[in-house]
Amino acid sequence: MKKELKLKVNGQPYDIFVKPKTLLVEALRDHLALTGTKRGCNSSSCGACTIMLNGMAVKSCSILALQANGAEIVTIEGLAKGTELSPLQKAFLDHGSYQCGFCTAGMLMATTALLTENPKPTKQEIKEGIDGNICRCTGYNSIIRAVTAVVKGEYKEAK
Amino acid sequence: MIKDFEHFAPKTLKEALTLLDKYQDEAKIICGGQSLLILMRQGLVAPEYLIDIKGISELSYIKSDGKGGLKIGALTTHRTIEKSSQMRDGFAVLAEMETRLASIQTRNWGTIGGNLCHGDPAGDPAPVLIALNATLKMASLKGERSLPVEDFTLDYFETALKTGELLTEITVPAPPAHTGTAYTKFNIIESDLATVGVAASITLGAGDSCQDIRIALGAAAATPMRAKKAEAVLKGKKISDALLAQAGETASTEADPISDMQASEEYRRELVKVLVPRISKEAMARAKKA
Ligand code: FES
Ligand code: FES
């Protein structure tokens, strides 16, 4: 039997009906068509499905959609303001922090959550911040460089 | 593929216990689900009824036990414990353990009670809680009972929870004076489970002799276990490197690890042999400062 699920995603309220076994990543991708969030391992290992739930980074493949009832969610689609990319998004572009791009949405959400919680992380803290995210292409250095550039204030938030 | 189930989201402990009592073994409790959902996806667990207790806010807290110890609600997330200012002095080891548990994403949603109830011998919290001599409180409609953490896990993924019971609270007593506790684990990827984990708590007496000691091993047997024979090697003695090495040897023989894709049995025994002296030494250094 389907159950009602109320969510706010990227500021927009949604009211949908899902089967209890629906994972949050499925609700976002299959029900709300927000396919920016990627599903990789589906077993809490790769971090590609990372989103922000009430301000915290979580793996959306490892949460039942119904557990997010009433929550405020930010996905990769919610980072840019209009056509203006977020500082981290710009920095990722400039520093070549992705190749195939499959991990990128998760990396950006993990690092966005990191900077929300701790705007001045050390290099070690940045590494810990992406500890739950796997990138099979670039390695991690370009990602760490991009985050470092934002931490140093080289990228400004859009007004 | 996850099998369909009926989902309940009680808001109070009472409601949850009533549901548990009604559905008995047909029901499974889910909280953060960071372990359970993996098993459900693999089809290893397929409950008819899922009782989702994540929303029971009365079970998420860290408070004093009034005697210098801590009471931690079973639904407290790993991340909350990691970041809590109460995890200082004798309890700092809990935050150190949490920092190394899985990834931030998992720690943000997963709970300490859920981790214990999963009953994985490689989980990080159990060895540390055993070293700290912590106890667990379980509730059912019939009442409450307590159990030391070291008696809670019975076998792989099997705990002492009876049908109708729910883990509600962890009590970590104030460590005795001059006590130090430390934990480490060996793993290849930082966010992985322990290949072997070792926690030790040492209380120093007159002349820095080892008045009391608790050594707990993770992923070294079917359950988190106390290395009591190794403890006996050190207890009452003035600790030396030679004695520590002997305790390591002893622990590696009393451990009963398996071989799996992470490591062979021999390798795990070797890890126990190396890590027991190392972490006991660290616990001793902390005890001197405590
Ligand atoms: S898809 Fe969620 S962690 Fe890999
Ligand atoms: S860019 Fe391909 S996995 Fe990270």
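> How would you summarise the domain arrangement of chain A if you had to cite specific residues and measurements?
Residues and elements named next belong to chain A. For chain A, the assigned domains read domain 1 (3-78) and domain 2 (87-151). Placing a centre on the C-alpha atoms of domain 1 and another on those of domain 2 gives a separation of 21 Å. Between domain 1 and domain 2, the residue contacts involve 17 residues of the former and 13 residues of the latter. In total, about 1,100 Å² of surface goes out of reach between domain 1 and domain 2, with carbon and sulfur atoms giving 69% of it. On inspection of domain 1 and its partner domain 2, the count reaches zero salt bridges. For the pair domain 1 and domain 2, the interface holds four residue pairs in polar contact (both at pLDDT 80 or more). Those elements that place two or more of their residues in the side of domain 1 that touches domain 2 are strand S3 (50-53) and strand S4 (56-59). Counting residues per element, the side of domain 1 that touches domain 2 draws most heavily on S3, at three residues. Split into classes, the residues belonging to the side of domain 1 that touches domain 2 amount to seven nonpolar, seven polar and three charged.

> Please provide a residue-by-residue account of helix H2 (residues 87-94) of chain A, values included.
All names here are of chain A. Turning to H2, its buried residues number three or more, namely Pro87, Leu88, Gln89, Ala91 and Phe92. Next to the buried residues of H2 lie helix H3 (104-117) and helix H5 (141-151). With its phi angle positive at about 60°, glycine 96 sits one or two positions after the end of H2.

> With reference to specific residues and values, describe the domain arrangement of chain B.
All names here are of chain B. When its domains are assigned, chain B resolves into domain 1 (6-51), domain 2 (62-172) and domain 3 (179-284). Inter-centroid distance (C-alpha atoms) of domain 1 to domain 2 is 19 Å. The interface is formed by 15 residues belonging to domain 1 together with 14 residues belonging to domain 2. Regarding the contact of domain 1 and domain 2, the summed buried area is about 1,200 Å², with carbon and sulfur atoms giving 76% of it. The largest share of the area that domain 1 buries against domain 2 comes from Leu17, Cys31 and Gln34, three residues that together contribute 38% of it. Across the contact surface, domain 1 and domain 2 share zero salt bridges.

Conventions we followed
Residues numbered from 1 in each chain as written. Chains lettered and ligands numbered in written order. Predicted model: local features only at pLDDT ≥ 70, side-chain atom pairs only at ≥ 80, totals over all residues. Heavy atoms only, no water. Domains from an automatic or database assignment. Contact = heavy atoms within 4.5 Å. Buried area = accessible area lost by both parts, 1.4 Å probe. Salt bridge = Lys/Arg side-chain N within 4 Å of Asp/Glu carboxyl O. Polar contact = N/O pair within 3.5 Å; in protein donor to acceptor, adjacent residues only side chain to side chain. Helix = DSSP H or I, 4+ residues; strand = E, 2+ residues; numbered from the N terminus. Nonpolar A, V, L, I, M, F, W, Y, C, P; charged D, E, K, R; others polar. Buried < 20%, exposed > 50% of the residue type's maximum accessible area, 1.4 Å probe, protein only.

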